[in-house]
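Spelled out from the first residue to the last, the chains are:
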Amino acid sequence: MAPSAYIAPVGDSALIFRDDIFKGKVLFCTGGGSGICRAMTEAVMRHGANAAIVGRKLDRLTQAAKELSEATGQVCIPTQADVRQPKALQEAVSKTIEKFGRIDFVICGAAGNFLAPISGLSENAFRTVMEIDTIGTYNTIKATLAHVRASKGSYIMTSATLHYNGTPYQAHVSAAKAGVDALSNVLAVEEGPHGVRSNVISPGPIANTEGAARLASVAGKDSPYPLGRPGDVRDVGNATIFLFSDAASFVTGQILAVDGGSEHLRTTQ
Ligand code: HXC
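Residues numbered from 1 in each chain as written. Predicted model: local features only at pLDDT ≥ 70, side-chain atom pairs only at ≥ 80, totals over all residues.

Colleague: Could you clarify how one ought to interpret the sheet that holds strand β3 (residues 76–80) in this entry?
Modeller: Each strand in a sheet pairs with another by means of backbone hydrogen bonds, the pair being arranged parallel or else antiparallel. Read from one edge to the other, the open sheet built from 7 strands follows the order β3-β2-β1-β4-β5-β6-β7, with strand pairing classed as parallel. Edge positions in the open sheet fall to β3 and β7 (255–258), since each of these has one partner strand only. Along the sheet, successive strands turn relative to each other by an average axial angle of 20°, direction set aside. Looking at chain direction, strand β6 (residues 197–203) and β7 are connected through 4 bridges and run parallel. Within β7, the position partnered with I201 by the bridge is L256. Its contacts with the sheet place helix α2 (residues 35–45) against β1 (26–30), β2 (50–55), β3, β4 (105–108), β5 (154–158) and β6, and it is angled at close to 175° to β1. (Pairing = 2+ DSSP bridges. Helix = DSSP H or I, 4+ residues; strand = E, 2+ residues; numbered from the N terminus. Axes fitted to C-alpha atoms, helices over the stretch in contact; angles between N-to-C directions. Contact = placed C-beta atoms within 7 Å.)

Written out as C-alpha cells, the structure is:
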C-alpha cells in the first residue's frame, strides 16, 4: 500500500472536553500502573476525577499514582491486587470506597500477553491469560458492580483487535479478549435498566507500548495505517473520556476500535 498522504493529528483533550466534566467522580482502574490503562487513567483525571489504580506490583503502582496525582492535580491511590484473586480485589474496592466514598467509572484493563504458537502453548499458559484477562474482568465486575449501580456509572473493558481475525501466536489472548467483549455486551443489556453502561475499547497498534512492541514481530513488516500513523496512548485516552462522559449516555454494549482504520484494511502484501 502507498504511504498515506495524510497523518491524523492527536487530539488535545483539553481543547475538546471541558476540564471539569468528571469533577467529583471516581475511577477504579485495573492495570492502571502502566501502559495504555495508565494513560486512560490520566485522561479521566485530567478532566476532574480521582482514581484508584490496581496492579500486582506495589512499588510500580505507588510511583505511578504519585506521578498521576502530580500531573493532574487530582488524587490517585495505589491499591495492590491480582485480578485473579477476588478477595484481594474486594479489598482494593473497600480501600477505594474508604478513601473516596464512591466508584463511578471502572476500567477493566489488567492483561497478560506473550507470543506462543498453539503447538507450544501449555495448558497452564493458556489458562493463565484466560484467568488474568477474562476471569479477571469478571472478578472486577463482581467486586465493583454494587457501587457502580449506586452511582449509575459506567464500565470500559480494554480489549484488542487481534481476535477479529486470526493473529498468529495469540490463541490465548484472542480467546481471552473474545470473552471480555462478550462479558461487556451482557453487562450492558443486564445492567442498562439499573442505569449502568458498559463498552469496550479495542486499541490497535499503539506506539511505545509493551503490547505493540511484542506484537510487532508478527504484525508484518510495514503495518499499513490508513490514517498515516500508529496510535498514540492519548487516542485511547480521548475515546475513554468520550465513553465515560454524558455525550455517550445513549451508548452501551459497543466495541470501539481505536486503530486508525487498520482493522478494516485488506492488503495484497
Ligand atoms: C510460552 C509462556 C511464556 C512465553 C509464560 N508462559 N510466558 N509460554 N511462551 N513467552 C507460560 C509459563 O511457562 C507458564 O506455563 C504459564 O505461562 C504461566 O506463567 P507464569 O510466569 O507462571 O505466570 P505469571 O507470573 O502469572 O505471569 C503472567 C504472564 C506474564 C502473562 C505470563 O507474562 C505477565 O503478566 N506479563 C506482563 C503483563 C503484560 O504482558 N501486559 C501487556 C499486555 S498487552 P507452564 O506450563 O510452564 O507452567 C495486551 C494487548 C495486546 O494484552 C494487543 C496489543 C496490540
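Now that the structure is up, let's keep going.
Colleague: Looking at this structure, how should I read the pairing of β5?
Modeller: Where a strand is regular, its side chains alternate between the two sheet faces. For β5, the tally of buried residues reaches 5 of 5 residues, placing the bulk of the element in the interior. Burial of the side chains of β5 extends over both faces: S154, I156 and T158 are buried on one face and Y155 and M157 on the other. The pairing of β4 with β5 spans 4 bridges and is classified as parallel. Residue pairing in the sheet places V106 in a bridge with Y155 of β5. As for the winding sense of the linkage, the β-α-β connection from β4 through helix α5 (residues 123–151) to β5 is right-handed. Sheet analysis places β5 next to β6, joined by 5 bridges and oriented parallel. Bridge pairing links M157 to V200 in β6. Regarding the hand of the β-α-β motif, the stretch spanning β5, helix α6 (residues 171–191) and β6 is right-handed. (Buried ≥ 20, exposed ≤ 12 C-beta atoms within 10 Å, placed from the backbone. Right-handed = clockwise from strand over helix to strand, strands pointing away.)

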